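# Structural description and commentary
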Amino acid sequence: VSSKYVVALSSAPTLLVVRDPASGKYGTTDGGMIISFEPEQNLTTIALDHGLVIKHRFSAVPKGVLISSNSTDVASYLKALRADSRVISADLDVNFYDLRAQ
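Residues numbered from 1 in each chain as written. Predicted model: local features only at pLDDT ≥ 70, side-chain atom pairs only at ≥ 80, totals over all residues. Heavy atoms only, no water.

## Focus: the sheet that holds strand 6 (residues 63-67)
Read from one edge to the other, the open sheet built from four strands follows the order 5-6-4-7, with strand pairing classed as antiparallel. One side of each edge strand has no neighbouring strand; the edge strands of this open sheet are strand 5 (53-57) and strand 7 (87-92). Strand after strand, the sheet turns through a mean of 30° between neighbouring axes, direction not considered. Pairing analysis gives four bridges linking strand 5 to strand 6, with the strands arranged antiparallel. Bridged to Arg 57 within strand 6 is Gly 64. Seen against the sheet, helix 2 (residues 74-83) touches strand 4 (33-37), strand 6 and strand 7 and runs at an angle of roughly 165° to strand 7. (Pairing = 2+ DSSP bridges. Helix = DSSP H or I, 4+ residues; strand = E, 2+ residues; numbered from the N terminus. Axes fitted to C-alpha atoms, helices over the stretch in contact; angles between N-to-C directions. Contact = heavy atoms within 4.5 Å.)

In structure tokens:
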């Protein structure tokens, strides 16, 4: 969903199918975004400021998974998160799969 991914809706309304053009691998995502943030920052505040919901909070490191109610607009959220000075990194949470001929 960022500039390196191509998105198409799958048959499930809340699941996106993505393809990494560099590797050609396909994957699935629910639109969750994994973010790393400055340790002194608050994940709840970051999520609220961007209109997102916390899906998961990592306990040992300053990271979390944020999600929007509109999973088709993930590229805009990623762009905004990456521009936020409190955020170190923001990436789409994707599970990639290898398709091999049988």
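## Description of the pattern of salt bridges
Tallied over the entire structure, the rule returns four salt bridges. For Lys 55, the salt bridge is made with Asp 30, and the minimal N-O distance between the two is 2.3 Å. Of this pair, Lys 55 sits in strand 5 while Asp 30 sits in the loop between strand 3 (26-29) and strand 4, and the two are 25 residues apart along the sequence. A relative accessible area of 45% places Lys 55 in the partly exposed class. Across the pair Arg 86 and Asp 84 runs a salt bridge, and its minimum N-O distance is 2.6 Å. Arg 86 sits in the buried class, given a relative accessible area of 16%. Note on Asp 84: relative accessible area 10%, which makes it buried. A single network of salt bridges, built from pairs that share partners, joins Asp 49, Asp 84 and Arg 86. (Salt bridge = Lys/Arg side-chain N within 4 Å of Asp/Glu carboxyl O. Buried < 20%, exposed > 50% of the residue type's maximum accessible area, 1.4 Å probe, protein only.)

## Concerning the pairing of strand 2 (residues 16-19)
Judged by which residues are buried, strand 2 turns out to be one-sided: Leu 16 and Val 18 face inward and are buried, whereas Val 17 and Arg 19, on the alternate face, are not. Alignment of strand 2 against strand 3, held across four bridges, turns out to be antiparallel. Note on strand 3: the bridge partner recorded for Val 17 is Thr 28. The hairpin turn running from strand 2 into strand 3, its antiparallel successor, is six residues long, and Gly 24 in that turn takes a positive phi close to 80°.

## Here we look at the side chain of Ser 68
Structurally, Ser 68 is set in the loop between strand 6 and helix 2. A distance of 3.4 Å separates a polar atom in the side chain of Ser 68 from a polar atom in the side chain of Tyr 77. Ignoring any residue separated from it by four or fewer positions in sequence, one finds Ser 68 in contact with Met 33, Leu 52 and Tyr 77. (Polar contact = N/O pair within 3.5 Å; in protein donor to acceptor, adjacent residues only side chain to side chain.)

## Points about helix 2
What helix 2 keeps buried is the set Val 74, Tyr 77, Leu 78 and Leu 81. For helix 2, the arc enclosing every buried residue in end-on projection is 100°, short of the 170-degree limit, so these residues lie on one face. In helix 2, those exposed residues whose orientation departs by more than 90 degrees from the buried face are Lys 79 and Ala 83. (Arc of directions from axis to C-beta.)

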